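What the coordinates show
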Amino acid sequence: MHELRNHLARITDINHAAAVLEWDQETYMPEGGAASRARQVATLRTLAHELLTSRETERALDAARPETDMDDDLVRIVRRDVKKATRVPSELVNAMSEAQGHAKGAWQKARATNTFRTFAPHLERIVDLSLEHAEALGYEDEPYDALLDIHEPDMKTRDVSATFAALKKELVPFVRDVAQDAASPGKTAPIDIVHGHFPHQAQWEFGLRVARDFGYDLTRGRQDHSAHPFSTTFSIDDVRITTRIDESFFNPGFFGTLHEAGHAMYEQGIDPALERTPLADGTSLGMHESQSRMWENQVGRSLPFWEHYMPAAREAFPGALADVSAEMMYRAVNRVEPSLIRVEADELTYNLHIMLRFELERAMLAGDVAIGDLPSAWNDRMESWLGIRPGTDAEGVLQDIHWSLGALGYFPTYALGNLMSAQLFEAMHRDVPDRDVHIRNGEFAPILAWLRRNVHVWGRRRSAVEILEATCGTGLVAAPWIRYVKAKYTS
Ligand code: ZN
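Residues numbered from 1 in each chain as written. Predicted model: local features only at pLDDT ≥ 70, side-chain atom pairs only at ≥ 80, totals over all residues. Heavy atoms only, no water.

Bringing the nonpolar core into the picture now. Here is a general trend for soluble globular proteins: nonpolar side chains tend to be buried in one another's company. One finds Phe206, Phe250, Phe305, Trp306, Met329 and Trp403 to be the most contacted residues of the largest nonpolar core, which totals 124 residues. Formed by 23 residues, the second largest nonpolar core is a distinct cluster that contains Ile11, Ala48, Ala85 and Ile270. (Core = buried A, V, L, I, M, F, W, Y, C linked by side-chain atoms within 4.5 Å. Buried < 20%, exposed > 50% of the residue type's maximum accessible area, 1.4 Å probe, protein only.)

Right, let's talk about a negative patch on the surface for a bit. Together, Glu124, Asp128, Glu132 and Glu135 make up a region of like negative charge exposed at the surface. You can see Glu124 is positioned in helix 6 (residues 116-137). (Patch = residues over 30% accessible without salt bridge, like charges linked within 9 Å, V, L, I, M, F, W, Y side chains within 5 Å. Areas by Shrake-Rupley, 256 points an atom, 1.4 Å probe, with all protein chains shown as cover. Salt bridge = Lys/Arg side-chain N within 4 Å of Asp/Glu carboxyl O. Lys, Arg positive; Asp, Glu negative; His and termini not counted. Charge placed at Lys NZ, Arg CZ, Asp CG, Glu CD. Helix = DSSP H or I, 4+ residues; strand = E, 2+ residues; numbered from the N terminus.)

The subject of this paragraph is the packing of helix 11 (residues 285-299) against helix 17 (residues 412-431). The contact between helix 11 and helix 17 brings their axes to 7 Å, and the two run at 65°. The two elements helix 11 and helix 17 meet at a crossing, and its hand is right-handed. Residues Leu285, Gly286, Met287, Glu289, Ser290, Gln291, Arg293, Met294, Gln298 and Val299 of helix 11 form the contact with helix 17, whose participating residues are Thr413, Tyr414, Leu416, Gly417, Asn418, Met420, Ser421, Ala422, Leu424, Phe425 and Met428. Across the contact of helix 11 with helix 17, the residue classes tally to eleven nonpolar, eight polar and two charged. (Axes fitted to C-alpha atoms, helices over the stretch in contact; angles between N-to-C directions. Left-handed = near helix turned anticlockwise from the far one by under 90°. Contact = heavy atoms within 4.5 Å. Nonpolar A, V, L, I, M, F, W, Y, C, P; charged D, E, K, R; others polar.)

Bound to the zinc ion are the protein donor atoms His259 (NE2), His263 (NE2) and Glu289 (OE), situated 2.1 to 2.3 Å from the metal. Here the donor residues of the zinc ion are spaced in sequence according to H-x3-H-x25-E. Of the two residues, His263 is situated in helix 10 (residues 250-268) and Glu289 in helix 11; the sequence distance between them amounts to 26 residues. Taking the relative accessible area as the measure of exposure, Glu289 reaches 10% and is therefore buried. (Donors = N, O, S within 2.8 Å, 3.2 Å for Na, K, Ca; no water.)

Attention now moves to the sheet that holds strand 1 (residues 223-225). If you walk across this open sheet you meet the three strands as 1-3-2, and the pairing is mixed. Whereas interior strands pair on both sides, the edge strands pair on one side only; in this sheet they are strand 1 and strand 2 (231-235). Each strand axis lies, on average, 30° off the axis of its neighbour in the sheet, ignoring direction. Taken together, the three bridges between strand 1 and strand 3 (residues 238-243) define a ladder with parallel strand orientation. By the bridge assignment for strand 3, Asp224 is matched with Thr242. Contacts between helix 1 (residues 2-27) and the sheet are confined to strand 1, strand 2 and strand 3, with strand 2 contributing the most and set at about 145° to the helix. Seen against the sheet, helix 10 touches strand 1, strand 2 and strand 3 and runs at an angle of roughly 165° to strand 3. (Pairing = 2+ DSSP bridges.)

Our focus in this paragraph is helix 7 (residues 143-151). In terms of burial, helix 7 is a largely internal element, eight of the nine residues being buried. Among all positions in helix 7, only Pro143, Tyr144, Asp145, Ala146, Leu147, Leu148, Asp149 and His151 are buried. Summarising the contacts, the buried residues of helix 7 are in contact with helix 4 (69-87), helix 6, helix 8 (157-180), helix 11, helix 15 (350-366) and helix 17.

Now for the pattern of salt bridges. Following the criterion strictly, the structure yields 32 salt bridges and no others. We note a salt bridge from Glu296 to Arg301, for which the minimum N-O separation is 3.0 Å. On the basis of relative accessible area, Arg301 is assigned to the buried category, the value being 11%. For Glu426, the salt bridge identified is with Arg483, shortest N-O distance 2.9 Å. With Glu426 in helix 17 and Arg483 in helix 21 (residues 479-489), the pair connects residues that are 57 residues apart, well separated along the chain. Where salt bridges share partners, they join Glu58, Asp62 and Arg79 into one cluster.

Checked against the element boundaries, Gln298 lands in helix 11. Apart from residues lying up to four places away in sequence, Gln298 is in contact with Arg293, Ser421, Ala422, Phe425 and Tyr484.

Here we come to the domain arrangement of the chain. Structurally, the chain comprises domain 1 (2-138) and domain 2 (157-490). One C-alpha centre belongs to domain 1, the other to domain 2, and the line joining them spans 26 Å. The interface is formed by 38 residues belonging to domain 1 together with 39 residues belonging to domain 2. The contact between domain 1 and domain 2 buries some 3400 Å² in all, and 65% of this surface belongs to carbon and sulfur atoms. Among the residues of domain 1 in contact with domain 2, Trp23, Met70 and Phe116 are the three that bury the most area, contributing 19% of the side total. With a shortest N-O distance of 2.5 Å, Asp13 and Arg276 are connected by a salt bridge. Among the elements of the structure, helix 1, helix 4, helix 5 (90-113) and helix 6 are those that each provide at least two residues to the side of domain 1 that touches domain 2. If one sorts the elements of the side of domain 1 that touches domain 2 by residue count, helix 1 sits on top with eleven residues. (Domains from an automatic or database assignment. Buried area = accessible area lost by both parts, 1.4 Å probe.)

What follows covers the packing of aromatic side chains. Counted according to the given criterion, the structure contains 28 aromatic pairs. On the basis of an interplanar angle of 65° and a centroid distance of 6.2 Å, the ring pair of Phe250 and Trp306 is categorised as edge-to-face. Of the two residues, Phe250 is situated in helix 10 and Trp306 in helix 12 (residues 303-316); the sequence distance between them amounts to 56 residues. Aromatic pair Trp295 and Phe444: ring centres 6.3 Å apart, planes at 70°, arrangement edge-to-face. Within this pair, whereas Trp295 is found in helix 11, its partner Phe444 is found in the loop between helix 18 (435-440) and helix 19 (445-454), the two being separated by 149 residues in sequence. The class of Phe444 is buried, set by a relative accessible area of 1%. Through a chain of ring-to-ring contacts, three or more aromatic side chains come together here, namely Phe198, Phe206, Phe214, Phe250, Phe254, Phe255, Trp295, Phe305, Trp306, Tyr309, Phe317 and Phe444. The ring of Tyr350 carries Arg293 above its face, with NZ or CZ at 4.7 Å from the centroid. (Phe/Tyr/Trp six-rings, centres within 6.5 Å; stacked < 30°, edge-to-face > 60°. Lys NZ or Arg CZ within 6 Å of the ring centre and 35° of its normal.)

Here it is in C-alpha cells:
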C-alpha cells in the first residue's frame, strides 16, 4: 500500500497546486495574467492525468496489499477512476475542447442578440460529441447514464427520472397554489426588507460570523471576493470560500456565504487518514450540494435560525432592519415568485427549472427533440409548470452557460442536492430530536457532528446512494423534500 499511497500523494499534490492557481485566478490575479495562468493550470492538470493513467499507477495498484477497509476502498475507487480516465480517447477530448471553445463564443453572441438558431449548430455538435463520450465511457441503459455518472457515481438515469416524476406531480400544483394564495408565507413578505442599504463590511462580518458559528473552521479556511462564488480545497486543512456582496440586496452575499461554507465544512470534515489521496473529496456533486443547501436553506432560511440571529442582524444593519422581527425576516427570505431565470429562482420553484433541463438533455441525447425545436419545447414546459412563458430565448433556452461548455448531465445534481439535503435533515432529526431547539439557541455543533459522522468523514469511500441508504434506510426519494416545502409554505 505504501507505494500506491506515495504515488497517489504526488498526483493529489499536483491537482491541489492547480487548484491554488485557479483560486488565485478568480480572486487576486491581475487581468494580464490570464493567458500564462491558463497554460500553467493546463500543464499541471495534464501532468496529473498522465500520472494517473500511467503504467506506474497500474503497477502500484497490482502490488498493493490492502490490510484495512480503507485500503480496499482506495484500491477499488482508484481503479475505477483510472478506467474512466483511460476510456476516453485523446482525439475525443481535443474535439470536445475545440467544440466548446467555439460554442461558448457562439452562445454569448446568441444570448446577446436573442438568436437561438446561431447557437443551434454548435449545440448539435456538442450533443454528438457527448454521445461519443457516453459510448466511450459505457453505460447500462441509455447514454445519459454515462454522463450523469461523471458527476453522480452509481446514480441511474431511470431512478432520477422516477424521482423527478414523483416530485413534479406534487410540486406543479403546489407552486400554483402558493403563487395564488395571498396568505401563504411565501407570498406575504414585504419584498423591500431584503432590498435596501446593507453596507459591505457589515455583510462580510455578519456572514462570516454565522459561518463560524456553524462550524466552518477559519484556522483551516478563509473567505475572499470573486465574481462567481465558489469553494475550493487545497487540503483537508485548507478549504476556502469566496463570496460576492451586493450592497442593495441582502440575500446573495449572506446566503452565498452560508452555501459555500456548507461545501467547505464537508471537505474539512473528511477523515484525515484520506489526506493526499483522491478519496479526500466529496463523494458526488449532488451530495456536495446537499451540504451547501442544508446550511443555506433548511438551517439558514428557518424560523428558529432567525429567532436566534435577528437581534444580531438588527445590530449589524440598523438602517435596513431596525424594525424587522424574526417572523418578518423569515418570510422575506422565503418569498416565492415563479420566475424565468434559474439562478434567480426561489427555493420552492428551483427544482422545476432543473427538471426541465434534465428532460430536455435526455431528449436531445435520445434524439427525441430536434435541436431547432428546443426553444418551444423549453417555453411550453415553463408555461405548463410555472405558469410563465419566456418572451425571448435569452430568458429561456439560452440563459445558462452549461450546454456551451459541454456539461450535459450536470444540471440534475443541483436538484439531487436539494432532495438529499431534505432526506438527511429528516434522518438527523430522528437522531437529534432537539435539532430545532439547538438552532434557536445558535448551537450548531450537534448538527455538524451528525453530518461529520454520517456524511463527511467518508470522503469518496461511500457513494451518495450508500450514504442515503445507511442514514435514511432508502435511496434517493422526493417525499422528505416535499414534506419540508409543504410545511414551510402552507400557512
Ligand atoms: Zn453549491
